[in-house]
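Spelled out from the first residue to the last, the chains are:
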Amino acid sequence: MAASNSAQDQLEEDCFVPSHHPSAPSDELFDISTAVDPSYVISLIRKLLPVAQKSGGNTEILGSNCIDEIVNSSNDNCKRMEIVDDSTESVFRGEGEGDLREGESSGLSAGEEVWEECGCVLWDLAANQTHAELMVQNFILDVLLANLMATQSVRVTEICLGILGNLACHEVPMKHIVSTNGLIAVIVDQLFLDDTQSLCEVFRICQSKLLSSGLQGPECIKWAEELQSEHMLSRILWIIENTLNPQLIEKSVGLLSSMLESQKEVEHTLLSALMKLGLASILVNLLAFEMSKLTNDRIPERYPVLDVILRALEALCIIDVYSLEICSNKEFFRLVCDLIKFPDKVEVSTCCVTAGVLIANILSDVPDLASNISLDFPFLEGLFDIFPFTSEDCEARCALWSIIARLLVRVREDEMSTSSLRQIVFILLSKSDVIEDDLFDHQFDENKGFESLATSGRKPNARTLALRRITCILNRWNALRDSSEKDMMEEHVTDEKICRLLGICHKHTV
């Protein structure tokens, strides 16, 4: 579920190490968790200072006002490394010749290769909190801002954004990012790039800020204000609608989820405009596309995409102003019900759990939809199949019982055909072990879970109601069997199983 992971856990997951420069041998890799000489970090930062060409063939190091501060900030107890001011070898010039992607690094000049290698090392180091704070103390943000404003290279932009993305996963560096004049605006402007990897990094930076538990109030709102224009929000939604890259979909929708789950001020600033631009329909269309991929192709790399789309929809469903709009969408309801019926749930267990919570929310807002699935036997069976994946999630279990109760109260066992009744009984008996395990394992947290559900409009006695309905259905089956001259019992539908399940239900409803 959307709230199952803490914001800090999500931030830690988002810190990652990039591939090193293609020419770097594997034995040059190092452990970023080990201590690094501050003077080494300073020398790397200095080598990232961009160079601009001036008339007459002269060059000027952009951001040169930071150089003395960078050098002087080295720890006095550390042995200072000698830094040679050789722009031709140590600084990337940003003349457009480095706009090469994977496999094309052979066209880089010596200076460009040095820039890229140093940038990748700093990208690695930024994933570690201690190293990230050291980098910020030594003006890495000023250097990155100068590069982003000067370069025309896609690769340089990607590396700068990658470093910022890792820095943004740590509380102190993120505060420095917010306070660096002009940096937020420059980062957000990168959303208009056409490079997939750079866009992924921009979305990651923005999401890290909105998830950060250490930043509240004006700092968070400052980011929201940079994103709130219709032009910017339209661009975000356009990327989400049109990209085919799974990673970019995951990062961009992840940003939307963070917007939906963030402070009320941010939600108010951004959500109204997003809804007017068609956010709800875009998310449902994305869900439809990923469900078709799941059904036809089953590509594991796309499972996280499906998960983040469902979490975004879940966050939207619990916002009172917009919940009815999304919950009334019949296509959305059909898609999440299809996911419940997906046979190989182990592969997408988290998605199925989220789908269960979504359906419970939908039925809470639009109860009549339960009539459409009250006799959908594969759906009922699918609900029970999800229970083993909810052992640590009390709210999800209660959501499943809520759905089951809504379905079973609409079953008219006295009026339905014998064949339909037989199917329901067979499902209940085949899932009796699942029912028993859930009741036994979680008998003491029932009140806690139902109290949580009550706040979202679901009945607090949903599990008890479901068990009573199971009892009524089984008793009706026994009555029909006793009055019939035919043997109505199938091979696996035995007296022992019926008596056992009736006993379980009775024990937990008295």
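The present account deals with the structure reproduced in this document. Just so you know, these numbers come straight off a predicted model, no measurement behind them.

## Brief notes about the overall build of the protein chain
- Helix and strand counts for the protein chain come out as 28 helices and two strands.
- Counting all 510 residues of the protein chain, 54% fall into the buried class.
- Here the contacts in the protein chain between residues at least 6 apart in sequence split such that 76% fall between residues at least 24 apart.
- Taken as a whole, the protein chain presents about 22800 Å² of accessible surface, with 48% of it coming from carbon and sulfur.

## Remarks on the pattern of salt bridges
- Scanning the model with the defined rule gives 19 salt bridges in all.
- Measuring nitrogen to oxygen at the nearest pair gives 3.3 Å for the salt bridge that ties Arg155 to Glu158. Pair noted here: Arg155 and Glu158 are both in helix α8 (residues 154–167), with a separation of three residues, about one helical turn.
- For Glu158, a relative accessible area of 8% corresponds to the buried category.
- Of the charged contacts in the structure, one is a salt bridge between Asp385 and Lys431, with a shortest N-O distance of 2.6 Å. Taken as a pair, Asp385 in helix α22 (residues 377–386) and Lys431 in the loop between α24 (418–430) and α25 (432–441) lie far apart in primary sequence, 46 residues in all.

## Focus on unusual backbone geometry
- Its identity is not glycine, yet Phe139 carries a phi of approximately 65 degrees, on the positive side.
- A relative accessible area of 21% means that Phe139 is categorised as partly exposed.
- The phi torsion at Arg298 lies on the positive side, around 50 degrees, for a residue other than glycine.
- Looking at the secondary structure, you find Arg298 in the loop between α16 (279–296) and α17 (303–317).

## Quick look at the packing of aromatic side chains
- As enumerated under the stated definition, the model contains three aromatic pairs in all.
- Between Phe384 and Trp401, the ring centres sit 6.5 Å apart and the planes meet at 85 degrees, which makes this aromatic pair edge-to-face. Linking Phe384 in helix α22 with Trp401 in helix α23 (residues 394–408), this pair joins segments that are 17 residues apart in sequence.
- A relative accessible area of 0% places Phe384 in the buried class.
- Three or more aromatic residues joined by ring pairs make a cluster, and in this case those are Phe384, Phe387 and Trp401.

## Description of helix α13 (residues 230–242)
- Counted at 1.5 Å a residue, the expected span for α13 with its 13 residues is 18 Å, and the 18 Å between its end C-alpha atoms agrees.
- Buried within α13 are the following residues: Met232, Leu233, Arg235, Ile236, Leu237, Ile239 and Ile240.

## Some words on the environment of Ile239
- In this fold, Ile239 is placed in helix α13.
- Along the backbone, Ile239 and Phe192 are 47 residues apart, and their C-alpha atoms lie at a distance of 9.4 Å.
- In contact with Ile239, not counting residues within four places along its chain, are Leu191, Leu199, Phe203 and Leu248.

## Comments concerning the packing of α22 against α23
- Relative to each other, α22 and α23 sit at 155 degrees, their axes nearing to 10 Å. Classified by the angle between their axes, α22 and α23 sit roughly antiparallel to one another. Here α22 runs over α23; the crossing is left-handed. Where α22 approaches α23, its residues Phe379, Leu380, Leu383, Phe384 and Ile386 are matched on the opposing element by Leu400, Ile403, Ile404 and Leu407.
- Broken down by class, the residue content of the contact of α22 with α23 amounts to nine nonpolar, no polar and no charged.

## Concerning the packing of helix α2 (residues 38–47) against helix α5 (residues 110–125)
- Following both chains from N to C, one finds α2 and α5 inclined at 130 degrees, their axes separated by 9 Å at the closest point. One finds that α2 runs oblique with respect to α5. As for the relative orientation of α2 and α5, their crossing is left-handed in sense. Side by side, α2 and α5 meet where Tyr40, Val41, Leu44, Ile45 and Lys47 of the first sit next to Val114, Trp115, Cys118, Val121, Leu122 and Leu125 of the second.
- Here the contact of α2 with α5 is composed, by residue class, of 10 nonpolar, no polar and one charged.

## With respect to the nonpolar core
- Membership of the largest hydrophobic core comes to 154 residues, with the highest contact counts inside it found for Ile163, Leu164, Leu167 and Leu339.
- Here this core takes 11 residues from α17, the largest share from any one element.
- In contact with Leu339, other than residues within four places in its own chain, are Met291, Leu294, Leu306, Leu310, Val348, Cys351, Cys352 and Ala355.

What counts, and where the lines are drawn
Residues numbered from 1 in each chain as written. Predicted model: local features only at pLDDT ≥ 70, side-chain atom pairs only at ≥ 80, totals over all residues. Heavy atoms only, no water. Helix = DSSP H or I, 4+ residues; strand = E, 2+ residues; numbered from the N terminus. Buried < 20%, exposed > 50% of the residue type's maximum accessible area, 1.4 Å probe, protein only. Contact = heavy atoms within 4.5 Å. Areas by Shrake-Rupley, 256 points an atom, 1.4 Å probe, with all protein chains shown as cover. Salt bridge = Lys/Arg side-chain N within 4 Å of Asp/Glu carboxyl O. Phe/Tyr/Trp six-rings, centres within 6.5 Å; stacked < 30°, edge-to-face > 60°. Expected span 1.5 Å × (residues − 1). Axes fitted to C-alpha atoms, helices over the stretch in contact; angles between N-to-C directions. Parallel < 35°, antiparallel > 145°, perpendicular 65-115°, else oblique. Left-handed = near helix turned anticlockwise from the far one by under 90°. Nonpolar A, V, L, I, M, F, W, Y, C, P; charged D, E, K, R; others polar. Core = buried A, V, L, I, M, F, W, Y, C linked by side-chain atoms within 4.5 Å.

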